[in-house]
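Commentary on secondary and tertiary structure
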Amino acid sequence: MRIQNNMWKAVILIGGPDKGTRFRPLSLDVPKPIFPVAGIPMIQHHIEACSKVPEIKEVILIGFFHYTEMLKSFITMAKQKYSLSIKYLSEYGPLGTAGGLYHFRDQILSGTPEAFFVFNSDVCCNFPLSDILHFHQSKNGDNRITIVATEATHSESMSYGCLVEDENTNEATHYVEKPETFVSSLINCGVYVFTPDVLRCYMAEVFRQHQEESLEMGMGDSNFPDAIKLETEILAGYAGSGKMFVYKTKEIWGQIKSAASAIHANKLYLSVYRRTKPEVLAKKNPDGPIIRGDVFIHESASVDPTAVLGPNVTLGENVEIGAGVRVSNSIVLSGAKLNDHCCVLNTIIGWKCKVGEWSRVEGTAQQPDPNAPYSKIISGQLFNEDGRLIPSITVLGREVDVAPEIIILNSIVLPNKNIHANSKNQIIL
Amino acid sequence: MSPNKSFSLSNTSIGTMKALILVGGYGTRLRPLTLNVPKPLVEFGNKPIMLHQVEALVEAGVETVVLAVSYMSDILEKEMNQHAKRLGIKIVFSQEDEPLGTAGPIALAKKHLSDEKCDKPFFVLNSDVISDYPFSKLLEFHKGHGKEGTICVAKVEEPSKYGVVVYEGDTGRIHRFVEKPQEFVSNKINAGMYIFNPSIFKRMKPEPMSIEREVFPYMAEESELYCMELKDFWMDIGQPKDFLKGMCMYLTSLKKKSPEKLYKESNGVTIVGNVLVDETARIGKNCKIGPNVVLGPNVVIEDGVRIKRSTVMREATIKSHSWLESCIIGWESTVGQWARVENVTVLGQDVNVKDEIYLNGVRILPHKSISTSVPEPQIIM
């Protein structure tokens, strides 16, 4: 039965603490989905986009995190700010990327929504949700998926889910997750639309099969039988069935797996602000600090007028920037203090960190290839073949205190450390 | 013009003390600085190295200074001419046609250093050594024992890098020399400052000869060689890291002897330790300079700069909020804002380092523009 009541929902899959380990040490202090990029938590960007689509009536977060104070207060804030119903459904075990959807199907389908969006939490995108919604409605069939896709370069595509599309019908004829050989340059963005039957029919069947298999194989099977993998079990199954449609987007898109990609996402979102709400970006002002390019400064931050900020800088709540400070291509999280004359480049400065006078905290920006039009950031390995750290974004965890006149280069510093000596290409535990 | 190409630059009285400075060649260890400026003229503590030596010699009664060079430099000639006039002394160049080692040049300069009329002892020194130059004391000590030669020895932390001297503590009579010993023998080394009687000339010829290997050992055997220990400071500043070490020692010595020459805190500039600033240099607000910093003529230090243990040569500019430690910034160079320069980085003449650059142990040749950081020691041509 096809519902056409214009009532939609959105589900954001936020994962759990065992996921997102490449995001440590930042994810040691805060669940990765709430980590702020361009001034607001990662998933707030999704929620904000949903709030602009009148059809979406509820946002459901599904994950394996404990329902902590942090999550609670985020959700309370978001509910108020966007006047949207938002709830968090906590999985009882690791249910994989789709098991939670199936498990909570009753809640998702309560009120009989016509269809629902599904988002990966670590997607960074200028979501064209209304457009996707109408695209989905234009396709026939009760049991169908719309998958949002974008172009990547040939070699980069193999790090993502790859789709083959029939351009006449927009049908996805093939799907494979992270292939070892080149299949297609069209990649899965981690944003989908499902009709209710996907849950009720297809996934139910997959779930039933899992239960049977686990009974046959007996106890001791390491795979949690209730877990369902969205990419390999659902999407791969729908491809070629005439029931999965590809919505191609040229909007900015990135995945946030590591600190380096968070910096890149910060830059992407700031550029979106420049287009869609330039008033939130810092303006050049003769009495204020020098601003280069896109810079976001929280209203409670205090910045000395001799500082030079940008491009691609975000300053969080109550951040203090001293005289003659230089910050470029970096995220400075709330409560941090950068003392006079210091220089912060390609770095994430954690909550309440202090950087001493004249110190230099520097990382190496990993850029997508500026010459390849569809190039994306790849969150690659931490170490190279010799076991040495590959130069990347420098990360200072929460409450790290950096003494004056120090250099920290291409290093990762875990929370609460006091740094008195220079550090290069190291992880400081 | 005689085949040896020696010529006087001023005519004053002869018959008083004479000295020879072994200038040698191109000063390659102090590159990139010596690519533009002959080593004797490289400023150490805001004064050409050679001038420190010549002025000290003049104070000890020297009126003729012979410069033993292996190539002639117009710049050196012209400058030394001016100083000679000013000090009222005679400066003579003695140029070797082929490399004559450490003793050959002395023999070559014989006619300038002594003749039938003059048989006074004469000083010899390496052009790379800085010290408090106790030449008067050296002369006294030398006359006291009445033997043919006296060398200065300096106490060092790592003697096996040099030639070590073994001698009688009471008298100073030298027993023997040991080149680069494997095990500890003594911590006193040849400081490259000597005083000899003209009789020494019979031991040398104007041919390639090593004074340490072919002259001193024989003198020691015959008990004709004595040494005097340098009590104050000494350093061979022929390479950048030693240049900076020597700079620290020199500033410490200045503090003891002429503290009024050092810079005092003023106008929002914080001074730490010993800092020497030329009167034409300008320092901005909120800077913290020192310890052990030398700023040359017309140097500009912008606001919020931190400099430690470094020399900034004439007309260089250090832009705001930069941080410098253990570096030599060459003449007319510019270091950009928020730069970090450390670990014996040496900038040649007119090098331009852009904003936010990090330089670690880098030697940069003259007239280069640097727009990417160099985080590991390297030479930038």
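All values derive from a computational prediction rather than experimental measurement. (Residues numbered from 1 in each chain as written. Chains lettered and ligands numbered in written order. Predicted model: local features only at pLDDT ≥ 70, side-chain atom pairs only at ≥ 80, totals over all residues. Heavy atoms only, no water.)

With that settled, the discussion passes to the nonpolar core. Counting residues in hydrophobic clusters, the biggest one holds 73 residues, and the most contacted among them are F35(A), F117(A), L129(A) and I348(A). When residues of this core are assigned to their parent elements, the largest contribution, 10 residues, is made by helix α9 (residues 259-276) of chain A. Excluding residues within four positions of it along the chain, F35(A) makes contact with F23(A), L26(A), V30(A), I40(A), P41(A), M42(A), A262(A), I331(A), L333(A), I348(A) and W351(A). If you look at the next biggest cluster of nonpolar residues, it comprises 62 residues, including A19(B), A56(B), A60(B) and F243(B). (Core = buried A, V, L, I, M, F, W, Y, C linked by side-chain atoms within 4.5 Å. Buried < 20%, exposed > 50% of the residue type's maximum accessible area, 1.4 Å probe, protein only. Helix = DSSP H or I, 4+ residues; strand = E, 2+ residues; numbered from the N terminus. Contact = heavy atoms within 4.5 Å.)

All names here are of chain B. Segmenting chain B into domains produces domain 1 (18-238) and domain 2 (249-370). On a C-alpha basis, the centroid separation for the pair domain 1 and domain 2 is 31 Å. With 18 residues of domain 1 at the contact, the number on the domain 2 side is 26 residues. Interface area, domain 1 with domain 2, both sides summed: about 1,600 Å², of which 65% is carbon and sulfur. Of all residues in domain 1, P32, L33 and N46 bury the most surface against domain 2, accounting for 34% of the area lost on that side. Our count for the domain 1 to domain 2 interface comes out at 3 salt bridges. Residue K257 pairs with D232 through a salt bridge whose shortest N-O separation is 3.3 Å. Broken down by secondary-structure element, the contributors of at least two residues to the side of domain 1 that touches domain 2 are β3 (43-44) and β14 (234-236). (Domains from an automatic or database assignment. Buried area = accessible area lost by both parts, 1.4 Å probe. Salt bridge = Lys/Arg side-chain N within 4 Å of Asp/Glu carboxyl O.)

Okay, the pattern of salt bridges next. Overall, the coordinates contain 36 salt bridges over all chains when judged by the stated rule. Between E167(A) and K248(A) there is a salt bridge whose closest N-O contact spans 3.9 Å. Of this pair, E167(A) sits in the loop between β9 (161-166) and β10 (171-177) while K248(A) sits in strand β12 (residues 244-248), and the two are 81 residues apart along the sequence. Classification of E167(A) as exposed rests on a relative accessible area of 61%. On the basis of relative accessibility, which here comes to 39%, the residue K248(A) falls in the partly exposed class. One connected set of salt bridges, linked through shared partners, spans E405(A), R306(B), K308(B) and E325(B).

All names here are of chain B. Counting through the fold element by element, D278 comes out in the loop between β16 (275-277) and β17 (282-283). Residues D278 and V294, 16 residues apart in the sequence, show an inter-C-alpha distance of 8.2 Å. Sequence-distant contacts of D278, that is, excluding residues within four places in its chain, are made with N46, L295, G296 and P297. A polar contact is formed between the side chain of D278 and the side chain of T280, at a distance of 2.5 Å. (Polar contact = N/O pair within 3.5 Å; in protein donor to acceptor, adjacent residues only side chain to side chain.)

This part takes up the packing of aromatic side chains. Per the counting criterion, the structure on display carries 25 aromatic pairs over all chains. The ring of Y102(A) carries R105(A) above its face, with NZ or CZ at 4.0 Å from the centroid. Between R340(B) and the ring centre of W323(B), over which it is positioned, the NZ or CZ distance is 3.9 Å. (Phe/Tyr/Trp six-rings, centres within 6.5 Å; stacked < 30°, edge-to-face > 60°. Lys NZ or Arg CZ within 6 Å of the ring centre and 35° of its normal.)

It is worth spelling out the UniProt feature "domain: Mannose-1-phosphate guanyltransferase C-terminal" (unreviewed entry) in chain B at this point. UniProt marks residues 271-380 of chain B with the feature "domain: Mannose-1-phosphate guanyltransferase C-terminal" (unreviewed entry), using the numbering shown here. As a span, residues 271-380 of chain B carries 0% helix and 44% strand, and end to end its C-alpha atoms are 32 Å apart. (UniProt positions renumbered as here; feature names shortened; annotations may be inferred.)

It is common to give the size of an interface as the accessible area that goes away when the parts come together. At the interface, 20 residues of chain B touch 18 residues of chain A. Together, the buried faces of chain B and chain A total about 1,500 Å²; carbon and sulfur atoms form 48% of this surface. For the chain B face of the interface with chain A, the top three residues by lost area are W338(B), R340(B) and E356(B), together amounting to 45%. Applying the counting criterion to the chain B and chain A interface returns 3 salt bridges. Residue E356(B) pairs with R326(A) through a salt bridge whose shortest N-O separation is 2.5 Å. Viewed at the interface, chain A and chain B are joined by 13 residue pairs in polar contact (both at pLDDT 80 or more).

Let's shift gears to the pairing of strand β1 (residues 8-15) of chain A. Residues and elements named next belong to chain A. Taken across its 8 residues, β1 has 7 buried, putting it largely inside the fold. Two elements, β1 and strand β6 (residues 115-120), share 6 bridges in a ladder whose sense is parallel. The residue of β6 that forms the bridge with L13 is N120. Alignment of β1 against strand β4 (residues 56-63), held across 7 bridges, turns out to be parallel. (Pairing = 2+ DSSP bridges.)

It is worth spelling out the sheet that holds strand β15 (residues 295-297) of chain A at this point. Two strands in a sheet stick together by hydrogen bonds in their backbones, pointing the same way (parallel) or opposite ways (antiparallel). Residues and elements named next belong to chain A. Strand order in the open sheet formed by 7 strands is β15-β18-β21-β24-β27-β30-β33, with parallel pairing between adjacent strands. At either end of the open sheet lies a strand with only one pairing partner, and these are β15 and β33 (427-428). Of the strand pairs in this sheet, strand β24 (residues 347-349) and strand β27 (residues 394-396) are connected by 3 bridges, and their pairing is parallel. In the strand pairing of β27, I349 is matched with L396.

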